[in-house]
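A structural walkthrough
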Amino acid sequence: MSLALDVRHTDEMAAGELAELRDMLVDCFSPRYDESAWAHCLGGTHYLLRHRGQLVSHGALIPRHFEQAGRELRGLYGESMATVPNLRGRGLGSIVLAAATADILMHHEIGVFAASKYHFYERLGWLKWPGETYVVAADGRRPAAPARGAVMYRLPPGSTIDPAGDLAADWRAGDIW
Ligand SMILES: CC(C)(COP(=O)(O)OP(=O)(O)OC[C@H]1O[C@@H](n2cnc3c(N)ncnc32)[C@H](O)[C@@H]1OP(=O)(O)O)[C@@H](O)C(=O)NCCC(=O)NCCS
């Protein structure tokens, strides 16, 4: 396969490229990719894998604030990880996830995905967060868990973050995790 990985911030993508990405994600997540999912996918770094120019796999990492025991954590949150249906199971998603994971490990304190395809992430060293999860909202901190799947995480080597402890994410409209 002739593959090329393009890593770009949302702001660096032209309107036509964003439209192409959105169409691809609607197709990949059919029938449940709505306005909220698209809004959550914007404002960060896109890992765009192309085969002969055609977008075949994508993942985004969005900067978000997390906290544990009053400590603010500089984190990246994974969104819209998907491979086009006819090319799944050939390692394309793993190329995207490996590149995104490397950036988390080099530059951030934690990476988080809310995911249901556990094995896909676990093969690349991601684990389910075993502790409690919360959201920090205007009216305070309250328990919050993903609507589907689990909170999965990656920590850089030597991290002092405790996966057995609590993990809180900043509030956002739509799904918190
Ligand atoms: C989850 C998803 C992104 C994976 O993308 P993908 O391109 O199929 O990922 P890969 O091919 O790298 O890995 C998928 C499986 O194929 C297997 N695989 C990878 N390369 C392979 C190869 N050359 N030959 C055979 N199998 C292979 C992997 O072992 C992996 O198995 P696992 O998931 O049980 O660990 C894709 O299934 C998808 O888009 N799903 C719909 C959208 C979605 O639900 N996204 C969110 C997931 S929480």
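Let me begin by describing the structure that accompanies this report. Just so you know, these numbers come straight off a predicted model, no measurement behind them.

1. Structural notes on the overall build of the chain
In terms of helices and strands, the chain carries four helices and ten strands. Starting at the N terminus and walking to the C terminus, you meet the elements of the chain as β-α-α-β-β-β-α-β-α-β-β-β-β-β. Taking 2.2 N^0.38 as the reference for a compact globule, 177 residues should give roughly 16 Å; the C-alpha atoms of the chain span a radius of gyration of 16 Å, in line with that estimate. With respect to the three principal axes, the spread of C-alpha positions in the chain is 45 × 35 × 25 Å. Across the chain, every contact between residues at least 6 apart in sequence was considered, and the portion connecting residues at least 24 apart equals 70%. When the accessible surface of the chain is summed, it comes to about 8900 Å², and 52% of that surface belongs to carbon and sulfur atoms.

2. Comments concerning the environment of Y121
The residue Y121 is located in helix α4 (residues 118-122) in this model. Discounting chain neighbours no more than four positions away, the residues touching Y121 are M81, L97, F113, A115, W126 and M152.

3. Let's talk about the packing of aromatic side chains
For any two aromatic rings, the description comes down to two numbers: the centre-to-centre distance and the angle of the planes. All chains considered together, the criterion is met by eight aromatic pairs. Taking 5.3 Å as the distance between ring centres and 75° as the angle between the ring planes, the aromatic pair formed by F113 and W126 counts as edge-to-face. Of the two residues, F113 sits in strand β5 (residues 110-115) while W126 sits in the loop between α4 and β6 (127-128), which places them 13 residues apart along the sequence. Like F113, the residue W126 is buried in the burial classification. Among the aromatic residues, those joined into a cluster by ring pairs are F113, F120, Y121 and W126. The ring of Y77 carries the charged tip of R64 above its face, separated from the ring centre by 4.8 Å.

4. Observations regarding helix α3 (residues 92-107)
Under the 1.5 Å per step criterion, the end-to-end length of α3 is 23 Å for 16 residues, consistent within 8% with the ideal 22 Å. Within α3, burial applies to L92, G93, S94, V96, L97, A100, T101 and I104.

5. So, the site of the ligand
Taken together, 18 residues lie near the ligand, and T83, G91, S94, H119 and R123 sit nearest. Within the contact set of the ligand, an oxygen atom lies 2.8 Å away from a backbone nitrogen or oxygen of G89. A distance of 2.8 Å separates an oxygen atom of the ligand from a polar backbone atom of G93. For the ligand, whose unbound accessible area comes to 920 Å², protein coverage reaches 69%. Residue assignment for the shell around the ligand shows that the elements contributing at least two residues are β4 (71-83), α3 and α4. In terms of residue class, the shell around the ligand is made up of seven nonpolar, seven polar and four charged.

6. As for the side chain of T10
Following the sequence through the fold, T10 ends up in the loop between β1 (3-9) and α1 (15-29). Among residues more than four places away in sequence, those in contact with T10 are L18, C41, L42, G43, G44 and H46.

7. Overview of the nonpolar core
Of all hydrophobic cores here, the largest spans 33 residues; its most connected members are L21, M24, L25, W38, F113, Y121 and W126. At the level of secondary structure, the elements contributing two or more residues to this core comprise α1, α2 (35-41), β2 (45-51), β3 (54-68), β4, α3 and β5. With 16 residues, the next largest nonpolar core counts Y77, W129, V135 and L167 among its residues.

Parameters and conventions
Each chain carries its own residue numbering, running from 1 in the direction its sequence is written. In keeping with the predicted nature of the model, local features appear solely for residues at pLDDT of at least 70, side-chain atom pairs appear and are counted solely at 80 or more, and the whole-chain, interface and lining totals rest on all residues. Each side-chain value is worked out from all heavy atoms of the structure, with water and hydrogens disregarded. Helix and strand assignments follow DSSP, with helices taken as H or I runs no shorter than four residues and strands as E runs no shorter than two, numbered in order from the N terminus. Here the globule rule is a power law, 2.2 Å times the number of residues to the power 0.38, and the radius of gyration is based on C-alpha atoms. Any two residues whose heavy atoms approach within 4.5 Å at even a single point are treated as in contact. Values of accessible area rely on a 1.4 Å probe in the Shrake-Rupley scheme; residue burial ignores everything except the protein chains shown. In this analysis, rings of Phe, Tyr and Trp, with Trp reduced to its six-membered ring, are considered paired at centre separations within 6.5 Å, and the interplanar angle assigns stacked below 30 degrees, edge-to-face beyond 60, and tilted for intermediate values. The buried label goes to any residue with under 20% of its type's maximum accessible area, the exposed label to any with over 50%, and the partly exposed label to all in between, with areas taken from a 1.4 Å probe on protein chains only. By the criterion adopted, a ring carries a charge over it if an Arg CZ or a Lys NZ lies within 6 Å of its centre and within 35 degrees of its normal. Residue count minus one, scaled by 1.5 Å, sets the expected span of a helix. The cutoff for a nearby residue is simple: one of its non-hydrogen atoms must lie within 4 Å of the molecule or strand. The term polar contact refers here to a pair of N or O atoms within 3.5 Å; inside protein, the definition further demands a hydrogen-donor-capable atom paired with an acceptor-capable atom, and it admits residues adjacent in sequence only when both atoms are side-chain atoms. Basically, the charged four are Asp, Glu, Lys and Arg, the nonpolar ten are Ala, Val, Leu, Ile, Met, Phe, Trp, Tyr, Cys and Pro, and anything else, Gly included, counts as polar. In this description, a nonpolar core means a group of buried Ala, Val, Leu, Ile, Met, Phe, Trp, Tyr and Cys residues linked to one another through side-chain atoms lying within 4.5 Å.

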